[in-house]
Structure formats: structure tokens, C-alpha cells
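What follows is each chain in one-letter form.
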Amino acid sequence: MSDSVSHCTDETDPRSALTEAEVEALVRGICFKTGPPRTVGVEVEWLVHELRAPRLPVTPERLEAAYAALRTLPLSSPLTVEPGGQLELSSPPAASLMECVGIVAADLAAVRTALAEHGLALRGHGTDPWHPPRRFLHEPRYDAMEACLDRTGPAGRAMMCTSASVQVCLDAGYEEPGPLGLGRRWWLAHTLGAVLVAAFANSPLLAGSPTGWRSTRQLLWTEIGAGRAGGPALDGDPRTAWARHVLDAPVMCVRREDGPWEVPDRLTFRQWTRTGAPTREDLDYHITTLFPPVRPRGHLELRMIDAQPGDDGWIVPLAVTTALFDDPEAAEAVYRAVKPLAERARPLPAPHNPLWIDAARYGLTDPELHEAALTCFTTALAALPRLGASTAVTDAVTDHLERYVRRGRTPADDQLDRLRGTDTRAYGKDLRT
């Protein structure tokens, strides 16, 4: 949802018109920057609620006052506000997992203290369990986004205003093949991604009611449509596939200096290059309006993980994902573990294929996803000390493994237990019936 440019184009004149061939060359050349995996980052989104009565809606005036105070904080991570008033902290690229954890944890502590002074708190839910969509930001970008997404139904507004995630950012990898190579990491992100959806599902409620899905947030992305929130096919070179996807994706809006932005109907960027004169700035902006589960922005941005409960719950998906991608031994082991799942992903790209849909609906009650998650977590735990992870981080991953993964549960099940007033130890293993 970030309004920042994608950094997927070069230093040519941003106002010069682009041809179709130039767009493809720009996207192919810049969106994947290869080399040894050296940095890691995380973007953590949070719902903001009343500190003492989270079911009560927060007025826009109180949110504005609190956010004005937050803007004065000396944070290391850029802080942005999402359309529904959600907060997002985006870490700078860190040289290690622990550096990333330390930066974001310190920033979050400062944010929580400032919010508490205004009677507000951060909540880690993939979707707001109580409140319907309500837009906080009224800007041309979000006016156009809402108009565009309304064409596919109510999922767009819910995604904009009531969802939150943990987005892990990793280097694209080596140009050469191997466990840390670009091709392998691109494929792994789209296949392991389903396991991450299932293991960290934490959004079973929307506007106070169960939806029947462990990750309603992932359901919302699916309902928005493949052109806007889908990924490219995995049957070829990542650069070629992504460039084709960017060209064939629908244009969300055409920006204007004055007045509302135009929201074209069924105009792809490829068609725009043939019938108009889009610029490099238009291409940069177009890429920010695409929300696939894995978005290349020079690095790989993994966008499929629900926001997690607790002050430090976000650390677990960050640590697990980083270990499975950046430790060569772990990357090879998890590749073998999730490879059988690829058959279930055909024929459609993520997240619109059966594997991803089952992950969002059933979580770890799905036997194959449960087995894969067990392997992923135990593999990550073995790798984390090699990445310099602290005891606190490995303990947090172990706790998630024992509390949820081994039992075939996710944080979504805790929400459902609280709603139903049932004890977690007596909770049934499957909600499919």
C-alpha cells in the first residue's frame, strides 16, 4: 500500500514517453538486483485501537493528534499511515537479522509509548476483527484506488482500511543457479509463501463475524483479482515473467495535477504505451499499484504474512523467513520440503491457485501444509544460530512451533476460541466441517 516509488527504473528522464520495448527493458534490468544476499528488512503494519476498549472506534481527530505526535519521534524506520489509519514502520536495509530486529523493536517501543499517551495502542491482527472499513486518508491516490477496486466488489475497501501484515524483504540473490540463486529464490517465495500464509494466519474475523477463513486478509487479496493482486506465472525467467505482468496489468489511475485522477476501465499499461505516451514516472507509479504476494523492487518483498499478535510476534515470521532464504543449508532443505506442494499450485499463479486458497482457508489443518510447516520451522531453528540470532529470537520461534505448528493451529484459532468462549486445549483440529 506504500505510496513510495518502486525504484524499478533507471536514471533516464522521468518525463520522457516510453515505448513498450523500453518498458520491458527497464523492468527486466532494474527490478531484480542480483548479488550475494547481504541485507534484510521488514515492514510491519498495525491496526490502531483504543488502549482500554479496543472494540470502540477511534475518531479521526484522535488519530490525527496521535499521528502528529509520532511524526516528531526520531525513528530509524520511516513511518507511514495507511488509508484506514493503520500504521506502518518500514525498516532500512539491515546487514543482519538481529540488526533489523533491534532497529524495528526500538522504533516500535517509542511508537507505543507515544500512542499510550493518547490512550491508543497497536494491535496485531491481519484484519480488524471489530470495525467495518472506514477511510482515514482522503487523498487523490486513495480516492482513485477506492474507485478502481470497487469495480471488483467490497474486498478492496476492506483491504485498504482494515488489513495489516508483516512484509519480509530479502535480497534477490545470486545471478547463478543454486539455493541462493535468483531463480530458486523467486520460485521458493511463491511456493513457500503458501506455507507462510497457513502458519501465520491471523485474520479469521471481519467486522465482528467469522468468515470461515483462517486468513481473511489473504482472501481479500484474492478477491481483488489477478491483474491487481496476482503474481506472474512461474514457468520461465523471473525477469521476463515480471516484465510481462507489469505490461499486462490494468492501469489503476492516471494522475493529474489538479482535480480527481482518472480511473480508466480495462486499460493495461501495454495498451497505454500503444495508444498514449506514459512516462517513466507513470511506470514507477504503476508498479506501486500492483500488489502481488511477491513483489520485486530491486529486492524481493514477501507480502503474504498476516500481522501477528503480541508486541514481538512480528519477529517470528521475519526470523523464520530470513533463515529459510539466506542460510544455504536451510534453503536447500526447505526447497525439497515444499517442492511436492507445487503440484497443488497449478495451473494458476499465486494467490489464485488451489494451494494458496487452501492455505488461507484451512491454515495448518491441511495435512500437507502442516507437514511442510513442521519441516520449515525445525529447519529455521537449526539455521538461526548460524545467522547470529539471539536466544530470545530462537525462543520466540520455538514457542510458535510448539504452541501452534505442532498442534496444527495458527493465531487465527486463538481468535476463534476467544469468540466462542472455548478453551484452546479442547479446540477441534479442523473447521472445514
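Thresholds applied
Residues numbered from 1 in each chain as written. Predicted model: local features only at pLDDT ≥ 70, side-chain atom pairs only at ≥ 80, totals over all residues. Heavy atoms only, no water. Helix = DSSP H or I, 4+ residues; strand = E, 2+ residues; numbered from the N terminus. Rg over C-alpha atoms; globule rule 2.2 N^0.38 Å. Contact = heavy atoms within 4.5 Å. Areas by Shrake-Rupley, 256 points an atom, 1.4 Å probe, with all protein chains shown as cover. Lys, Arg positive; Asp, Glu negative; His and termini not counted. Charge placed at Lys NZ, Arg CZ, Asp CG, Glu CD. Phe/Tyr/Trp six-rings, centres within 6.5 Å; stacked < 30°, edge-to-face > 60°. Buried < 20%, exposed > 50% of the residue type's maximum accessible area, 1.4 Å probe, protein only. Lys NZ or Arg CZ within 6 Å of the ring centre and 35° of its normal. Pairing = 2+ DSSP bridges. Polar contact = N/O pair within 3.5 Å; in protein donor to acceptor, adjacent residues only side chain to side chain. Axes fitted to C-alpha atoms, helices over the stretch in contact; angles between N-to-C directions. Parallel < 35°, antiparallel > 145°, perpendicular 65-115°, else oblique. Left-handed = near helix turned anticlockwise from the far one by under 90°. Nonpolar A, V, L, I, M, F, W, Y, C, P; charged D, E, K, R; others polar. Salt bridge = Lys/Arg side-chain N within 4 Å of Asp/Glu carboxyl O. pLDDT = per-residue confidence, 0-100. Arc of directions from axis to C-beta. Core = buried A, V, L, I, M, F, W, Y, C linked by side-chain atoms within 4.5 Å.

What follows deals with the overall build of the protein chain. Counting its secondary structure elements, the protein chain contains 18 helices and nine strands. Taken over C-alpha atoms, the radius of gyration comes to 21 Å for the protein chain, in line with the 22 Å a tight globule of 433 residues would show. Seen through its C-alpha atoms, the protein chain measures out along the principal axes to roughly 60 × 55 × 45 Å. Excluding contacts between residues fewer than 6 apart, the proportion of contacts in the protein chain whose partners are at least 24 apart in sequence is 75%. With the model as given, the accessible surface of the protein chain reaches about 17,200 Å², and the carbon-plus-sulfur share is 53%. Positive and negative side-chain charges of the protein chain, numbering 46 and 57 respectively, have mean locations separated by a distance of 4 Å.

Another aspect to go through is the packing of aromatic side chains. As enumerated under the stated definition, the model contains seven aromatic pairs in all. A centroid spacing of 5.8 Å and a plane angle of 40 degrees characterise the contact between Phe200 and Phe377, whose relative ring orientation is tilted. Placement of the pair is Phe200 in the loop between helix H6 (182-199) and strand S6 (205-206) and Phe377 in helix H16 (residues 367-383), with a sequence separation of 177 residues. Taking relative accessible area as the criterion, Phe200 reaches 0% and is therefore assigned buried. The side chain of Arg112 reaches across the aromatic face of Trp46, ending 5.0 Å from its centre. Its end group placed over the ring of Tyr335, Arg184 keeps NZ or CZ at 3.7 Å from the ring centre.

Our focus in this paragraph is the pairing of strand S3 (residues 87-90). Alternating positions in S3 separate into two faces, Leu87 and Leu89 on one and Glu88 and Ser90 on the other, with burial throughout. Two elements, strand S1 (residues 40-50) and S3, share four bridges in a ladder whose sense is antiparallel. Of the residues in S3, the one forming a bridge with Val44 is Leu89. Note: strand S2 (residues 79-81) against S3, three bridges, orientation antiparallel. Within S3, the residue paired with Leu79 across the bridge is Leu89. Counting the residues between successive antiparallel strands, the hairpin from S2 to S3 contains five residues, one of them, Gly85, with a positive phi of roughly 100 degrees.

Moving on, we come to helix H11 (residues 280-288). Most of H11 is tucked away, with eight of its nine residues classed as buried. All of the buried residues in H11 are Arg280, Asp282, Leu283, Asp284, Tyr285, His286, Ile287 and Thr288. Where H11 begins, one side-chain oxygen reaches toward the backbone nitrogen of Glu281, 3.3 Å away; that side chain belongs to Thr279.

Right, let's get into the packing of helix H1 (residues 20-30) against H11. One way to put it is that H1 packs onto H11 with a least axis distance of 12 Å and a crossing angle of 55 degrees. Classed by the angle they form, the pair H1 and H11 counts as oblique. As for the relative orientation of H1 and H11, their crossing is right-handed in sense. Taken together, the residues of H11 that come into contact with H1 (itself represented by Val23, Leu26 and Val27) are Arg280, Leu283 and Ile287. Among the residues making up the contact of H1 with H11, the classes are represented as five nonpolar, no polar and one charged.

This part covers the pattern of salt bridges. Pairing between side chains of opposite charge can happen when their charged atoms approach one another. This model, assessed by the stated rule, comprises 35 salt bridges. Across the salt bridge formed by Asp414 and Arg403, the nearest N and O atoms sit 3.2 Å from each other. Of the two residues, Asp414 is situated in helix H18 (residues 411-420) and Arg403 in helix H17 (residues 391-405); the sequence distance between them amounts to 11 residues. Looking at Asp414, the relative accessible area reads 8%, which means it is buried. One connected set of salt bridges, linked through shared partners, spans Arg135, Asp143, Glu146, Asp150 and Arg157.

Right, let's get into the confidence of the model for the protein chain. Per-residue pLDDT for the protein chain has a mean of 94; in total, 94% of the residues score no lower than 70. The low-confidence segment residues 1-6, where pLDDT is below 50, has 24 contacts with residues more than four positions distant or belonging to other chains. Note on residues 424-433: pLDDT is under 50 here. Beyond four places in sequence and across chains, it has 23 contacts.

This paragraph deals with the pairing of strand S9 (residues 300-306). Along S9, seven of the seven residues are buried, which leaves the element largely enclosed by surrounding structure. In terms of strand pairing, strand S5 (residues 165-170) meets S9 through five bridges, oriented antiparallel. Residue pairing for S9: Ser165 is matched across the bridge by Asp306. In this structure, strand S8 (residues 294-296) lies alongside S9, joined through three bridges in antiparallel fashion. In the strand pairing of S9, Val294 is matched with Leu302. Once S8 ends, the chain turns through three residues before running back antiparallel as S9, passing Gly298 with a positive phi of about 95 degrees.

The next point concerns helix H2 (residues 60-70). Of the positions making up H2, those classed as buried are Leu63, Ala66, Tyr67 and Leu70. Looking down the long axis of H2, one finds its buried residues gathered within 100 degrees of arc, a one-sided arrangement. Those residues of H2 that are buried lie in contact with S1, S2, S3, helix H3 (97-116) and strand S4 (120-123).

So, on to the nonpolar core. Counting residues in each nonpolar core, the largest one holds 125 residues, and the members touching the most others are Leu192 and Trp314. With near-sequence residues (within four places) excluded, Trp314 lies in contact with Val42, Val44, Trp46, Val101, Val104, Ala105, Leu108, Val166 and Gln308.

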